[in-house]
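# Coordinates in review
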Amino acid sequence: STVNNAAAITEDPVIFKEIATSNGRIIGHIILNTPAKLNALTLEMVDLMLLQLTQWQHDDNLVLVLISGSGDKAFCAGGDVQALYQAAITINNDSSSAAEEHGDEIAAHFFEREYRLDYLLHVYSKPIIAWGHGFIMGGGLGIFAGCKHRVVTEKTRLAMPEVSIGLYPDVGGS
């Protein structure tokens, strides 16, 4: 947790570290870094993770990936529903059918990219460890479930709240 709290100093929504081992191999560390929003996923965060994981997959010196969340409250509270809602409201204030269709496209694009990330985690060629401290909800559970090794703590809380408001559960979370 100390390492993750130190991560919050930077404003990058995702931090990528490469940790050298004594035998010259590398451990990749992904830190979700929006603790004020319980590390809720945005499209930017998803795309950054997809890019880095793809690069690491082809690096023969990288032998392991660790994923954690900054702060003490959450690994990841799922997708940033507020950001999706704001995008839809902004577009739908236009009240045209084209604006409504564009709002739907934004949500569809987010979920397509998020599920692409979940799939990559499920089929990744190297071991991935998820350090699931705190809340793990919705899209965070999709990421967590996709990792080959999952660690929980006494403060871990798993939830799939979107099903109670009529949304479908995230990949791997049903």
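Scroll up a little and you will see the structure.
Residues numbered from 1 in each chain as written. Predicted model: local features only at pLDDT ≥ 70, side-chain atom pairs only at ≥ 80, totals over all residues. Heavy atoms only, no water.

All right, on to the environment of Ser125 then. One can find Ser125 in the loop between helix H4 (97-123) and strand S5 (128-132). The class of Ser125 is exposed, set by a relative accessible area of 52%. Sequence separation between Ser125 and Gln57 is 68 residues; the distance between their C-alpha atoms is 6.8 Å. (Helix = DSSP H or I, 4+ residues; strand = E, 2+ residues; numbered from the N terminus. Buried < 20%, exposed > 50% of the residue type's maximum accessible area, 1.4 Å probe, protein only.)

A separate point is the sheet that holds strand S1 (residues 14-20). The strand order S1-S2-S3-S5-S7 describes an open sheet built from five strands, whose pairing is mixed. Each edge of the open sheet is held by one strand with a lone partner, namely S1 and strand S7 (149-152). The sheet shows a mean angle of 20° between the axes of neighbouring strands, direction not considered. One ladder, built from four bridges, connects S5 with S7; its direction is parallel. Bridge pairing in S7 links Ile129 to His149. Running over the sheet, helix H2 (residues 43-57) touches S1, strand S2 (26-32) and strand S3 (62-69) and is turned about 20° from S1. Along the sheet face, helix H5 (residues 139-146) touches S3, S5 and S7 and points at about 125° away from the line of S7. (Pairing = 2+ DSSP bridges. Axes fitted to C-alpha atoms, helices over the stretch in contact; angles between N-to-C directions. Contact = heavy atoms within 4.5 Å.)

In this section: H5. Of all eight residues in H5, seven are buried, a share of seventy percent or more. For H5, the complete set of buried residues consists of Gly139, Gly140, Leu141, Gly142, Ile143, Phe144 and Gly146.

Another point: the pattern of salt bridges. Here the structure, examined in full by the defined rule, presents three salt bridges. For Lys37, the salt bridge goes to Asp80, with nearest N and O atoms at 3.3 Å. Taken together, the residues span a long stretch of sequence, with Lys37 in the loop between S2 and H2 and Asp80 in the loop between strand S4 (74-76) and helix H3 (81-92) at a distance of 43 residues. Take Asp80: its relative accessible area is 7%, and that puts it in the buried class. Among the salt bridges present, the one from Glu112 reaches Arg116, with a minimum N-O distance of 2.3 Å. Note that Glu112 and Arg116 are positioned in helix H4 at a spacing of four residues, about one turn of the helix. The exposure class of Arg116 is partly exposed, given its relative accessible area of 46%. (Salt bridge = Lys/Arg side-chain N within 4 Å of Asp/Glu carboxyl O.)

Moving on: the sheet that holds strand S8 (residues 157-159). Read from one edge to the other, the open sheet built from three strands follows the order S4-S6-S8, with strand pairing classed as parallel. Each end of this open sheet is capped by a strand with a single partner; those strands are S4 and S8. Each adjacent strand pair in this sheet contributes to an overall mean axis angle of 20°, direction not counted. The pairing of strand S6 (residues 135-137) with S8 spans three bridges and is parallel. Bridged to Ile136 within S8 is Leu158. Sitting on the sheet, H5 is in contact with S4, S6 and S8, with an inclination near 95° to S6.

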